[in-house]
Amino acid sequence: MPKMKTHSATKKRFRITKTGKVMFKKSGRGHLLSTKNSKRLRSLRKKGVLPGNVEAHVKKVMPYA
């Protein structure tokens, strides 16, 4: 069997941790930051964790991650 290809868009947007969780960068930090309060910006700074039902789809298209 030939090797499976990793989905290029997925590998740019998600990262799989050693424990198997899928991390992603939260949206909303690009522009118009003056209208967003400090608490909101702090929470957007952290990485998000995908829920289990979506996690399976991401892992399927990233077979070697």
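This write-up is about the structure you can find in this document. Small disclaimer: the values here were computed from a predicted structure and weren't measured. (Residues numbered from 1 in each chain as written. Predicted model: local features only at pLDDT ≥ 70, side-chain atom pairs only at ≥ 80, totals over all residues. Heavy atoms only, no water.)

Quick look at the sheet that holds strand β3 (residues 47-49) now. Taken together, three strands build an open sheet; the order of strands is β1-β2-β3 and the sheet is antiparallel. In this open sheet, the two strands that pair with only one neighbour each are β1 (14-16) and β3. Going from strand to strand, the sheet's axes swing by 35° on average, the running direction of each strand aside. Note: strand β2 (residues 22-25) against β3, three bridges, orientation antiparallel. Of the residues in β3, the one forming a bridge with M23 is V49. (Pairing = 2+ DSSP bridges. Helix = DSSP H or I, 4+ residues; strand = E, 2+ residues; numbered from the N terminus. Axes fitted to C-alpha atoms, helices over the stretch in contact; angles between N-to-C directions.)

Looking now at a positive patch on the surface. A cluster of basic residues, R15, K25, R29, K39, R42, R45, K46 and K47, forms a positive patch on the protein surface. Element by element, the count of residues in the positive patch is highest for helix α2 (residues 38-45), at three residues. Mapped onto the elements, R45 comes out in helix α2. In this structure R45 comes out as exposed when scored by relative accessible area, which is 59%. (Patch = residues over 30% accessible without salt bridge, like charges linked within 9 Å, V, L, I, M, F, W, Y side chains within 5 Å. Areas by Shrake-Rupley, 256 points an atom, 1.4 Å probe, with all protein chains shown as cover. Salt bridge = Lys/Arg side-chain N within 4 Å of Asp/Glu carboxyl O. Lys, Arg positive; Asp, Glu negative; His and termini not counted. Charge placed at Lys NZ, Arg CZ, Asp CG, Glu CD. Buried < 20%, exposed > 50% of the residue type's maximum accessible area, 1.4 Å probe, protein only.)

Moving on: the pairing of β2. In the sheet, β1 pairs with β2 via three bridges, with the strands oriented antiparallel. Bridging across to β2, I16 finds its partner in V22. Here β1 hands over to β2 after five residues, with G20 in that stretch at a positive phi of 100°.

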